[in-house]
Amino acid sequence: EAQVTQNPRYLITVTGKKLTVTCSQNMNHEYMSWYRQDPGLGLRQIYYSMNVEVTDKGDVPEGYKVSRKEKRNFPLILESPSPNQTSLYFCASSSSSTNEKLFFGSGTQLSVL
Amino acid sequence: AQSVTQPDIHITVSEGASLELRCNYSYGATPYLFWYVQSPGQGLQLLLKYFSGDTLVQGIKGFEAEFKRSQSSFNLRKPSVHWSDAAEYFCAVLYTGRRALTFGSGTRLQVQP
């Protein structure tokens, strides 16, 4: 089954404690991206990747890092989380950069205390 | 600035009634246009998209959307709503030269029996 898998589903952490949210897709997609969803703001892109070892900033990259060492994986790293990063995070992938059809993971609800 | 506006935060309709969700975008040229649906606890799923051609596009689950260039709008419609349509709906736009979708803030649909 074609899918984008994110882990964990829920995460509660404290300020400053490094964390990683994993994302994996099994569709051999070149394009992957991370979004955060906040009430009243819709989804905003954090980072995206056009292919292995090719990443770039989205609209709200501050406080986040990503890596793309393998085509299927695109982890999101918060080196020093802060409470304003409490949000619902989605990983998405697509076969092209025109995002003709984005496939989304089920989301990761992060709370930073 | 490029933006997407969904003026209705929350809409309630009766089961069997018709539905129209509004979406307006700001831009001179015609961007790529999308509607996504997010069911509770799930990621987003693509309902339909418009790139060019016929301005009335059909999507999954009986939804359709009409692109109106003169109004910079891409409204989503369904003739008869089912209880399972209760979800949050996002309009999204891919502007020329960008690698990320710009999402509206979403419209939450509630369906009354």
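For the structure, check the block above.
Report follows, based on the coordinates. Chains are numbered independently. Their residues run from 1 in the order of the written sequence. In the order they appear in the text, chains get letters beginning with A and ligands get numbers beginning with 1. Local features in a predicted model are, by the rule used here, given only for residues with pLDDT of at least 70; side-chain atom pairs are given and counted only at 80 or more, and totals for whole chains, interfaces and linings are based on all residues. Side-chain figures throughout are based on the complete set of non-hydrogen atoms in the structure, without hydrogens or water.

Re a nonpolar patch on the surface
All names here are of chain A.
- Judged by side-chain polarity, I12, V14 and L113 come together as a nonpolar surface patch covering roughly 330 Å² of accessible area.
- Here a strand is any run of E in DSSP of at least two residues, a helix any run of H or I of at least four, and the numbering for each starts at the N terminus. Within the element layout of this structure, V14 appears in the loop between strand 2 (10–13) and strand 3 (19–25).
- Exposure categories follow from relative accessible area, calculated using a 1.4 Å probe and restricted to protein chains: below 20% of the type maximum is buried, above 50% is exposed, and the middle band is partly exposed. We classify V14 as partly exposed; its relative accessible area is 44%. Patches here: salt-bridge-free residues with over 30% relative accessible area, like charges joined within 9 Å, nonpolar side chains (Val, Leu, Ile, Met, Phe, Trp, Tyr) joined within 5 Å. Surface accessibility follows the Shrake-Rupley procedure with a 1.4 Å probe radius. Residue values consider only the protein chains on display as shielding. Salt bridge, as used here: a side-chain nitrogen of Lys or Arg that lies within 4 Å of a carboxyl oxygen of Asp or Glu.

Quick look at the state of the cysteines
- Cysteine sulfur pairs qualify as disulfides if the two atoms are within 2.5 Å. Following the criterion strictly, the structure yields two disulfides over all chains and no others.
- What pairs with C23 of chain A in a disulfide is C91 of chain A, and their sulfur atoms sit 1.8 Å apart. Every disulfide takes its handedness from the sign of the S-S torsion; for C23 of chain A and C91 of chain A that torsion is -70 degrees, giving left-handed. Remark: C91 of chain A occurs in strand 9 (residues 87–94) and C23 of chain A occurs in strand 3; sequence separation between them is 68 residues.
- What makes C23 of chain A buried here is its relative accessible area of 2%.
- Residue classification places C91 of chain A among the buried positions, given a relative accessible area of 0%.
- One disulfide bridge connects C23 of chain B with C91 of chain B, the sulfur atoms lying 1.9 Å from each other. In this structure, the disulfide formed by C23 of chain B and C91 of chain B twists by about -65 degrees around the S-S bond and is classed as left-handed.

Section: the side chain of N75 of chain B
Residues and elements named next belong to chain B.
- Mapping N75 onto the fold places it in strand 9 (residues 73–78).
- With a relative accessible area of 15%, N75 lands in the buried category.
- In protein, a polar contact requires one atom able to donate a hydrogen and another able to accept it; more generally it is a pair of N or O atoms within 3.5 Å, and residues adjacent in sequence count only if both atoms are side-chain atoms. Side-chain polar atoms of N75 contact the side chain of E20, separated by 3.3 Å.
- Excluding its chain neighbours within four sequence positions, the residues that come into contact with N75 are E20, L21, R22, C23, W35, E64, A65 and E66. Note on contacts: a residue pair qualifies if any of its non-hydrogen atoms lie within 4.5 Å across the two residues.

Looking at the pattern of salt bridges
All names here are of chain A.
- Under the defined criterion, the tally for this structure stands at eight salt bridges over all chains.
- With a shortest N-O distance of 2.9 Å, R36 and D38 are connected by a salt bridge. For the pair R36 and D38, a shared accessibility class is recorded, and that class is buried.
- Sharing partners across several salt bridges, the network here consists of R36, D38 and R44.

Digging into the interface of chain B and chain A
- Each partner contributes residues to the interface: chain B has 21 residues there, and chain A has 23 residues.
- Once two parts are brought into contact, the accessible area they lose, counted with a 1.4 Å probe and summed over both, makes up the buried area. Approximately 1700 Å² of surface area, both sides summed, lies buried where chain B meets chain A, with 53% of it carried by carbon and sulfur atoms.
- By the criterion of area lost to chain A, the three top residues of chain B are L44, R99 and F103 of chain B, representing 33% of everything that side buries.
- Taken together, the connections running from chain B to chain A amount to zero salt bridges.
- Where chain B touches chain A, the interface holds three residue pairs in polar contact (both at pLDDT 80 or more).
- Counting only elements with at least two residues in the side of chain B that touches chain A, the list comes to strand 5 (32–38), strand 6 (44–50) and strand 10 (87–94) of chain B.
- Broken down by element, the side of chain B that touches chain A gets its largest block of residues, four residues, from strand 5 of chain B.
- All residues other than Ala, Val, Leu, Ile, Met, Phe, Trp, Tyr, Cys, Pro, Asp, Glu, Lys and Arg, Gly among them, are scored as polar; the first ten of these are nonpolar and the last four charged. Of the residues contributing to the side of chain B that touches chain A, the split by class is eleven nonpolar, six polar and four charged.

Comments concerning the pairing of strand 9 of chain A
Residues and elements named next belong to chain A.
- In terms of burial, strand 9 is a largely internal element, seven of the eight residues being buried.
- The sheet contact formed by strand 4 (residues 31–38) and strand 9 spans seven bridges and is antiparallel. Following the sheet pairing, W34 is matched in strand 9 by C91.
- Here a strand pair is declared whenever DSSP counts at least two bridges between the two strands. One ladder, built from three bridges, connects strand 9 with strand 11 (residues 108–112); its direction is antiparallel. If you follow S87 over to strand 11, its bridge partner there is L110.
- Bridging between strand 9 and strand 10 (residues 103–104) involves two bridges; their strand directions are antiparallel. When the sheet's bridge partners are listed, A92 is paired in strand 10 with F104.

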